[in-house]
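Coordinate analysis (summary)
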Amino acid sequence: MGGSAHVGPGASHMNGRGANADTAHGDRLYRTLLAIGQTVVRSTSRAELLDGACRAMVECGGFHMAWVGLCTPDGRVEPAAIAGHFDGYLDDVEVRYDDTPQGGGPAGTAIRTAQCVICHDIAVEAMFAPWHAAALRRGYRTSASFPLTCRGQVLGAITIYSATPGAIGPDDAVLLSELGHDLAFALEAIEERAVRAKAEAALRDSERFLRSVAEASPHVIYVFDLDEARAAYSSRSLFLDLGYAPEEPPGRVSLAAFQALIAPDELPHLARVFAEWR
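Residues numbered from 1 in each chain as written. Predicted model: local features only at pLDDT ≥ 70, side-chain atom pairs only at ≥ 80, totals over all residues. Heavy atoms only, no water.

Observations concerning the nonpolar core
Ranked by internal contacts, the top residues of the largest apolar core, which has 34 residues, are Met-57, Val-68, Phe-146, Leu-148, Ile-160 and Leu-183. Formed by 19 residues, the second largest nonpolar core is a distinct cluster that contains Val-93, Ile-111, Val-154 and Tyr-161. (Core = buried A, V, L, I, M, F, W, Y, C linked by side-chain atoms within 4.5 Å. Buried < 20%, exposed > 50% of the residue type's maximum accessible area, 1.4 Å probe, protein only.)

Written out as structure tokens, the structure reads:
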């Protein structure tokens, strides 16, 4: 079976739309890009970003279905978001990006080559053979897959479907490829924020634990920040030694007050530490 699929940033394939249809299609695509741009700005999680992108493709772009698949280490393209008329499509098919028959379709090829892949007529595309029956049953006739590429790494692909053969042309490919880059960059930024937030939460938990240990200790613990020349922490036992009631700590203890508790023969050593640091 032959076909007119192409891999690359653009193609010479004519979409067959008239001038008025081209204008309407361009307007829909422009609204789609605006909607996804707003989604990128507002999203705070991976699910929110990818769900919003798929919805914009369907609701603003007029596409039959859109889904995002992310790469897994074992070669699968794992669905992360979907919108439109899918009717269990992704439950019926297996999509991969490795060197297998299921890895030779539009999404897998887009991921491997880091280029857009357009199937102008799914009914006759050889690369779509493993999914012909499932796609045609749901009315899919054109598909386009665009890699989600950030800093040279392909994270996955976004794939859109139309009910009309030849509905996605070369101009669409250029614009949507740029969109793939933007989505991947936003996705990585969200993931980095999540990792940073998790690390900060772990640090706060660790600090709370260490503080609870210090507060329970009968020994005096005093931390002085030499860089900022200020008391950073004073344990409760220090306040008790200075004569304060447990429920009335005065805040951070000054260095002078702390020195009053140090044995006289240790003061010269303390003075040397401060002199060397300064």
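Details of the pattern of salt bridges
One pass over the structure, following the stated rule, counts 7 salt bridges. The salt bridge partner of Arg-76 is Glu-78, with a shortest N-O separation of 3.6 Å. A relative accessible area of 31% means that Arg-76 is categorised as partly exposed. Residue classification places Glu-78 among the partly exposed residues on the basis of a relative accessible area of 36%. (Salt bridge = Lys/Arg side-chain N within 4 Å of Asp/Glu carboxyl O.)

Overview of a nonpolar patch on the surface
A surface patch of nonpolar side chains, amounting to about 310 Å² of accessible area, comprises Phe-209, Leu-210 and Val-213. Its location among the elements puts Leu-210 in helix H6 (residues 170-216). (Patch = residues over 30% accessible without salt bridge, like charges linked within 9 Å, V, L, I, M, F, W, Y side chains within 5 Å. Areas by Shrake-Rupley, 256 points an atom, 1.4 Å probe, with all protein chains shown as cover. Helix = DSSP H or I, 4+ residues; strand = E, 2+ residues; numbered from the N terminus.)

Some remarks on the pairing of strand E5 (residues 142-150)
Of all 9 residues in E5, 9 are buried; the element is thus mostly enclosed. Note: strand E4 (residues 117-119) against E5, 3 bridges, orientation antiparallel. Each bridged residue has a counterpart across the sheet, and for Cys-119 the counterpart in E5 is Ser-143. Inspection of the sheet shows E5 paired to strand E6 (residues 153-162) by 9 bridges, in the antiparallel sense. Paired with Pro-147 across the strands is Ala-157, a residue of E6. The antiparallel hairpin formed by E5 and E6 contains 2 residues in its connecting segment, where Arg-151 sits at a positive phi of about 55 degrees. (Pairing = 2+ DSSP bridges.)

Looking at the packing of helix H2 (residues 46-59) against H6
A pair of packed helices is captured by two measures, namely the crossing angle of their axes and the spacing between those axes. Running from N to C, H2 and H6 point in directions that differ by 160 degrees, and their axes come no closer than 9 Å. When the axes of H2 and H6 are compared, the pair comes out roughly antiparallel. In terms of crossing hand, the pair formed by H2 and H6 is right-handed. Between H2 and H6, the contacting residues are Arg-46, Leu-49, Ala-53 and Met-57 on the first element and Leu-176, Leu-179, Leu-183, Ala-186, Leu-187, Ile-190 and Glu-191 on the second. Residue composition of the contact of H2 with H6, by class: 9 nonpolar, no polar and 2 charged. (Axes fitted to C-alpha atoms, helices over the stretch in contact; angles between N-to-C directions. Parallel < 35°, antiparallel > 145°, perpendicular 65-115°, else oblique. Left-handed = near helix turned anticlockwise from the far one by under 90°. Contact = heavy atoms within 4.5 Å. Nonpolar A, V, L, I, M, F, W, Y, C, P; charged D, E, K, R; others polar.)

Focus: H2
Residues that lie three or four places apart on an α-helix share one face, since the helix turns once every 3.6 residues. With 14 residues, H2 should reach 20 Å at 1.5 Å per residue; the first-to-last C-alpha distance of 20 Å fits that figure. Of the positions making up H2, those classed as buried are Leu-49, Leu-50, Gly-52, Ala-53, Cys-54, Ala-56, Met-57 and Val-58. (Expected span 1.5 Å × (residues − 1).)

A short note on the confidence of the model for the protein
With 81% of its residues at a pLDDT of 70 or more, the protein shows a mean pLDDT of 80. The least confident element of the protein is strand E1 (residues 6-7), whose mean pLDDT is 60; the most confident is strand E3 (residues 77-84), at 96. Here residues 9-17 is modelled with pLDDT under 50, and outside its nearest four sequence neighbours on either side it reaches 20 contacts, counting other chains as well. (pLDDT = per-residue confidence, 0-100.)

What to know about the environment of Leu-29
Structurally, Leu-29 can be placed in helix H1 (residues 19-42). Owing to a relative accessible area of 5%, Leu-29 belongs among the buried residues under this scheme. When the C-alpha atoms of Leu-29 and Cys-60 are compared, they prove to be 7.4 Å apart, with 31 residues separating the residues in sequence. Among all residues touching Leu-29, those that are not within four sequence positions of it are Asp-172, Leu-175 and Leu-176.

Some details on unusual backbone geometry
The phi torsion at Asp-87 lies on the positive side, around 45 degrees, for a residue other than glycine. Phi is positive for Ala-114, close to 60 degrees, though the residue is something other than glycine. Structurally, Ala-114 can be placed in the loop between helix H4 (106-113) and E4.

Some details on the environment of Phe-185
Within the fold, Phe-185 resides in helix H6. Distance in space between the C-alpha atoms of Phe-185 and Leu-155 is 9.8 Å, their sequence separation being 30 residues. Contacts of Phe-185, omitting those with residues within four sequence positions, involve Cys-150 and Arg-151.

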